[in-house]
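So the chains spell out like this:
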Amino acid sequence: MVKKSNVSSDFLAAAVDVRCSFQTLVVLLVAALVVGAVYLTAESGYLMQEDEEEQKVRPAGCDLFSGRWVYDNESYPLYKEEECTFMSDQLACGKFGRSDLNFQHWRWQPHQCDLPSEVECVFVDAKKARFNATALLERLRNKRLVFVGDSLNRGQWVSMVCLLDKVIPRGRKYMHNNGSALITFKAKDYNAKIEFYWAPLLVESNSDDPVSHRLPDRIVRAQAIEKHARHWSDADILVFNTYLWWRRPQMKVLWGSFNTSDGIYKKIKMLRSYEMALKTWSDWLEIHVNRTKTQLFFMSMSPTHERAEEWGRMKGENCYSETEMISEGYIGDGTDPNMMRIVDSALDELKTRGVNVQMINITQLSEYRKEGHPSIHRKQWEPLTEDQKSNPLGYADCIHWCLPGVPDVWNELLFAYIFNNLSN
């Protein structure tokens, strides 16, 4: 490349020795134009090269959620069930008798995923498909990562704790749970908190007790969220979900307080009440979230596998005794596209107001995994009756997920977005 300073000095040195004749001036002007053209051509080539390199590292996009499951018993599972200090008995399927553990050895491989070079996608190469727990802890130094939602989000939180637990020395971590809705796991050396807050409907409801919440008559205060939100208003990363607890034809909505007798109760169709609750949640985010500090995520619905006829088995069966995944495209009745559209609409509306909430679309990739549920291999909170023992189908859990397992992949996806600020 011709340097600008050399061109100028050569030009001036030549100009001193020439006679001011018309012909000489013409020659000098032509020479200057040639040198200038060479310089500009070199600069142009450099810029074109820079532009090409920019295009190489900044492709049009990468859909992490479109892909396939690949069996990988070298890299997966990312941790061992018995080595996770804080494993939940609800999700510890091996501990409660499950012997077929092939479900632990699957990784998610996006289709033709071209990511920028700085993104180091952990999904492209099986040898690189490792969750970097130390890197995440460094990112979380002096910060709070809070999962807010129902028991499925709690399962993802347990998965995250297990993923991080393995790199934290004994005595340098603790779990705090005083029976409230907030449970805190802390990595002391990083001053990092990874927390779960129980709010299955996001807004206030009569199911907000983290233990005693299974009530026959579910009631929500669709316009009240502050009781919950004050516990996570200063979080640095928020991961929300709400879906399963809305699955009924109607919801009883309360205008007023649970503590007074003058409230107004109305039964409203589920989709409309869900929309109302997400509007309250959205308004809170717009007003209270620090947009320069807080990363916001919403987990799409986690599918259930309670109707085996949907994947070719007999009617009345479910995920009980399943050991293989569904190999072809499948969307079960447990997934409600209307609810997904309401969430999409809420997130789009928030974006117009300057609040970016990234959807982590786990639905389709999890639909295939009918063999990933606890089924009967989990702690039973009440003794089984003789009828239940004789009919395992009746109490098989086809909603939650065994760990290690599918929620670990959800956290790998979340990990990619936390680190790389990817957007829709």
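Structure first, text after, so check above.
Read on for a plain summary of the structure. All values reported here derive from a predicted model rather than from experimental measurement.

**Examining helix H7 (residues 337-352)**
Phase 1: Spanning 16 residues, H7 covers 23 Å between terminal C-alpha atoms, matching the ideal 22 Å at 1.5 Å per step.
Phase 2: Along H7, the residues that are buried comprise Met-339, Ile-342, Val-343, Ala-346, Leu-347 and Leu-350. Angular distribution of buried residues about the axis of H7 spans 130°; they occupy a single face of the element. The exposed residues of H7 that point more than 90 degrees off its buried face are Arg-341 and Thr-352.
Phase 3: Contacts made by the buried residues of H7 are with helix H6 (270-288), strand S12 (295-299) and strand S13 (357-360).

**Focus on the state of the cysteines**
Phase 1: A complete count under the given rule lists three disulfides for this structure.
Phase 2: There is a disulfide in this structure between Cys-319 and Cys-398, and the S-S distance comes to 2.1 Å. One quick way to see it: the torsion about the S-S bond of Cys-319 and Cys-398 is about -90°, and its sign makes the bridge left-handed. Of this pair, Cys-319 sits in the loop between S12 and H7 while Cys-398 is found in the loop between helix H9 (386-390) and helix H10 (406-420), placing the two residues 79 residues apart along the sequence.
Phase 3: For Cys-319, a relative accessible area of 3% corresponds to the buried category.
Phase 4: Taking the relative accessible area as the measure of exposure, Cys-398 reaches 1% and is therefore buried.

**With respect to the packing of helix H4 (residues 151-165) against H10**
Phase 1: As a packed pair, H4 and H10 sit with axes 9 Å apart at the nearest point and diverge in direction by 75°. In terms of orientation, H4 and H10 fall into the roughly perpendicular class. On H10, the residues that touch Leu-152, Gly-155, Gln-156, Ser-159, Met-160 and Leu-163 of H4 are Pro-407, Asp-408, Trp-410, Asn-411 and Leu-414.
Phase 2: Each residue belonging to the contact of H4 with H10 can be placed in one class, and the counts come to six nonpolar, four polar and one charged.

**Thoughts on the sheet that holds S12**
Phase 1: Across the sheet, which stays open at both edges, the seven strands sit in the order S4-S5-S6-S3-S9-S12-S13 with mixed pairing between neighbours. Single-partner strands in this sheet number two, and they are strand S4 (173-176) and S13. When strand polarity is set aside, the average angle formed by the axes of neighbouring strands in this sheet is 15°.
Phase 2: Pairing of strand S5 (residues 182-187) with strand S6 (residues 192-198) involves six bridges; the strand directions are antiparallel. Bridged to Ala-187 within S6 is Ala-192.
Phase 3: Here H4 sits on the sheet in contact with strand S3 (144-149), S4, S5, S6, strand S9 (237-240) and S12, set at roughly 160° to S6.

**Considerations on the sheet that holds strand S11 (residues 264-269)**
Phase 1: The strand order across the open sheet formed by four strands is S7-S8-S10-S11, and the pairing between neighbours is mixed. With partners counted over all chains shown, the strands left at the sheet margins are strand S7 (204-205) and S11, one partner each.
Phase 2: Bridge count between strand S10 (residues 250-255) and S11: six bridges; the pairing is antiparallel. Across the sheet, the residue bridging to Met-251 is Ile-268, located in S11.
Phase 3: Relative to S11, H6 is tilted by about 115°, and along the sheet it contacts S10 and S11.

**What to know about the side chain of Ser-273**
Phase 1: Topologically, Ser-273 is positioned in helix H6.
Phase 2: Classification of Ser-273 as buried rests on a relative accessible area of 0%.
Phase 3: If we ignore the near neighbours within four places in the chain, the residues touching Ser-273 are Trp-246, Met-251, Val-253 and Ile-268.

**A few points about unusual backbone geometry**
Phase 1: The step from Tyr-76 to Pro-77 runs through a cis peptide bond, and the omega angle for that step is 10°.
Phase 2: Within the secondary structure, Pro-77 is located in the loop between strand S1 (67-71) and strand S2 (106-110).
Phase 3: Here the residue pair Leu-403 and Pro-404 is connected by a cis peptide bond, since its omega of -5° sits within 30 degrees of zero.
Phase 4: As for its position among the elements, Pro-404 is in the loop between H9 and H10.
Phase 5: Although it is not a glycine, Asn-191 sits at a positive phi angle of roughly 50°.
Phase 6: Position of Asn-191 among the secondary structure elements: in the loop between S5 and S6.
Phase 7: The exposure class assigned to Asn-191 is partly exposed, which follows from its relative accessible area of 34%.
Phase 8: In the Ramachandran plot, Leu-202 falls in the positive-phi region, its phi being about 65° despite a non-glycine side chain.

**Details of the packing of H6 against H7**
Phase 1: Orientation of H6 relative to H7, taken along the N-to-C sense of each, is 25°, at an axis distance of 10 Å. Taken together, the axes of H6 and H7 lie roughly parallel to each other. Handedness of the H6/H7 crossing: right-handed. Facing H6, whose interface residues are Met-270, Leu-271, Tyr-274, Glu-275, Leu-278, Trp-281, Ser-282 and Leu-285, H7 presents Asn-338, Met-339, Ile-342, Val-343, Ala-346, Leu-347 and Leu-350.
Phase 2: For the contact of H6 with H7, the residue count by class is twelve nonpolar, two polar and one charged.

**Structural notes on the packing of aromatic side chains**
The relation between two aromatic rings is expressed through the spacing of the ring centres and the mutual angle of the planes.
Phase 1: With the rule as written, the count across this model stands at 14 aromatic pairs.
Phase 2: Here the aromatic rings of Trp-69 and Trp-108 are separated by 5.3 Å at their centres, their planes lie at 65°, and the arrangement is edge-to-face. Taken together, the residues span a long stretch of sequence, with Trp-69 in strand S1 and Trp-108 in strand S2 at a distance of 39 residues. Trp-108 matches Trp-69 in its accessibility class, with the two residues each being buried.
Phase 3: With centroids separated by 5.5 Å and ring planes inclined at 85°, the aromatic side chains of Trp-198 and Trp-245 adopt a geometry described as edge-to-face. One end of the pair, Trp-198, is in strand S6; the other, Trp-245, is in the loop between S9 and S10, and 47 residues separate them in sequence. Taken as a pair, Trp-198 and Trp-245 share a single burial class, namely buried.
Phase 4: A connected cluster of aromatic rings, assembled from ring pairs, spans Trp-232, Phe-240, Trp-281, Trp-284 and Phe-298.
Phase 5: Taking NZ or CZ as reference, Arg-139 lies 4.4 Å from the ring centre of Phe-419, over its face.
Phase 6: Arg-369 extends its terminal NZ or CZ atom over the ring of Trp-69, reaching a point 4.5 Å from the ring centre.

Thresholds applied
Residues numbered from 1 in each chain as written. Predicted model: local features only at pLDDT ≥ 70, side-chain atom pairs only at ≥ 80, totals over all residues. Heavy atoms only, no water. Helix = DSSP H or I, 4+ residues; strand = E, 2+ residues; numbered from the N terminus. Expected span 1.5 Å × (residues − 1). Buried < 20%, exposed > 50% of the residue type's maximum accessible area, 1.4 Å probe, protein only. Arc of directions from axis to C-beta. Contact = heavy atoms within 4.5 Å. Disulfide = S-S within 2.5 Å. Axes fitted to C-alpha atoms, helices over the stretch in contact; angles between N-to-C directions. Parallel < 35°, antiparallel > 145°, perpendicular 65-115°, else oblique. Nonpolar A, V, L, I, M, F, W, Y, C, P; charged D, E, K, R; others polar. Pairing = 2+ DSSP bridges. Left-handed = near helix turned anticlockwise from the far one by under 90°. Phe/Tyr/Trp six-rings, centres within 6.5 Å; stacked < 30°, edge-to-face > 60°. Lys NZ or Arg CZ within 6 Å of the ring centre and 35° of its normal.

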